[in-house]
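Observations on chain architecture
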Amino acid sequence: MLPLLLLVATALATPPDATLDRLVDALEALADPTQAASFLVTTTASFADTDGDDAHTDVVVTEVRFEVGGEQINTVISHTRDGELLEPEEDKDDDGEKKEVGFSLAVPANDDLPRYTYGPTTQRGTASVAHYQPAPGEPSDDDLASGEVAWDPSTGRPLWITFEPLEKPFLVKSLDNRLVIGETAGKLHTARILSSGIGGPPLMRKKFELDMRFHDVVWR
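Keep in mind that this is a model prediction, so the values were computed, not measured. All chains use their own residue numbering, which begins from 1 and follows the written sequence. Reporting of local features is limited, given that this is a predicted model, to residues whose pLDDT is at least 70; pairs of side-chain atoms are given and counted only at 80 or more, and all residues count toward the totals for whole chains, interfaces and linings. Think of the side-chain values as coming from all heavy atoms in the structure, minus any hydrogens and water.

Next up on the list: the confidence of the model for the chain. Confidence of the prediction at every residue is given by pLDDT, a number between 0 and 100. Averaged over all residues, the pLDDT of the chain is 88; the fraction at 70 or higher stands at 87%. Considering only residues more than four positions removed or in separate chains, one finds that residues 1-11, a stretch of pLDDT under 50, has three contacts. The contact criterion used is simple: two residues touch if any of their non-hydrogen atoms lie within 4.5 Å. Taken as a whole, residues 90-102 scores under 50 in pLDDT and shows 13 contacts with residues more than four places along the chain or in a different chain.

Each regular strand shows side chains that alternate between the opposite faces of the sheet. The pairing of strand 1 (residues 36-49) with strand 2 (residues 56-66) spans 10 bridges and is classified as antiparallel. Bridge pairing in strand 2 links S46 to T57. The criterion for strand pairing is that DSSP finds at least two bridges linking the strands in question. Per the convention used, a helix needs a DSSP run of H or I reaching at least four residues, while a strand needs a run of E reaching at least two, with both numbered from the N terminus. When strand 2 meets strand 3 (residues 72-81), the two strands line up antiparallel, connected through nine bridges. Across the sheet, residue V64 finds its bridge partner in strand 3, namely N74.

This part takes up the environment of A145. For A145, the position within the fold is in strand 7 (residues 145-151). Residues A145 and F163, 18 residues apart in the sequence, show an inter-C-alpha distance of 5.7 Å. Ignoring anything within four residues of it in the chain, the contact list for A145 reads L105, Y116, Y132, Q133, P134, F163, E164, P165 and L166.

So, about the pairing of strand 11 (residues 206-219). Here strand 1 pairs with strand 11 via 12 bridges, running antiparallel. Residue pairing across strands places T44 opposite D211, the latter belonging to strand 11. Summarising the sheet, strand 10 (residues 187-199) and strand 11 pair through eight bridges and their orientation is antiparallel. Across the sheet, S195 pairs through a bridge with L210, a residue of strand 11.

Here we have 11 strands laid out as an open sheet, ordered 4-3-2-1-11-10-9-8-7-6-5, and antiparallel in their pairing. Every interior strand has two partners, whereas the edge strands, strand 4 (84-85) and strand 5 (116-124), have only one. Where strand 9 (residues 172-184) and strand 10 come together, 12 bridges link them in antiparallel fashion. Among the inter-strand pairings, E183 is bridged to a residue of strand 10, identified as L188. Against the sheet, helix 2 (residues 17-29) contacts strand 1, strand 5, strand 7, strand 8 (158-165), strand 9, strand 10 and strand 11, and its axis sits at roughly 75 degrees relative to strand 10. Inter-axis angles, ranging from 0 to 180 degrees, are taken between N-to-C directions of lines fitted to C-alpha atoms, where helices are fitted over the stretch in contact.

In this section: the environment of T190. Structurally, T190 can be placed in strand 10. Any residue under 20% of the maximum accessible area for its type is buried, any over 50% is exposed, and the rest in between are partly exposed; the area is computed with a 1.4 Å probe on protein chains only. Using a relative accessible area of 8% as the deciding quantity, one classes T190 as buried. C-alpha of T190 to C-alpha of L179: the two residues are 11 residues apart in sequence and 6.7 Å apart in space. Residue contacts for T190: discarding those within four places in its chain leaves A26, L27, L30, V180 and F214.

Below, the structure is given as structure tokens:
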């Protein structure tokens, strides 16, 4: 019976501690002015009615750089909508503020690891994949999610993490996200964020797809 118990215990184990540490470091790298000097973000955002009508696609290239004191400066390099170049003054919301996209996630690792439980680790191609979800009895919070963590079992390198928020933002009916880990000059960082879902008032809902690619990273 002992070998069977050991097999079950192994299958239900969390991803390696070193993998989770590297995942957290990678997700934080581009937001840390002591590490990142500058990088580019190419964002492709597509929106349409749920039946596919009234479809539009925006492509925005933004330079993000950090001043020596840590101040973040975002500069829009280009913005096209449905293939047509927009003038700088068009690249704003009605109140004149630049559009921003952000995510709030308690990563299932380090200090937040006790808030989650991991299911069995499985193989998907060459990657090891483990599903996670909020721990039983964990109070509902808008930074909790369920999803998967994938890593290379031969090196422990994190590959990607998916998450679906436990509490979705206001008027958002569905929201799925995948954060892909890349590498520049030997340092891991978020290389791509893929999001899709449906949101808006019940009679005006839109489906959306968001693809953010982080590239041309310059480290300090």
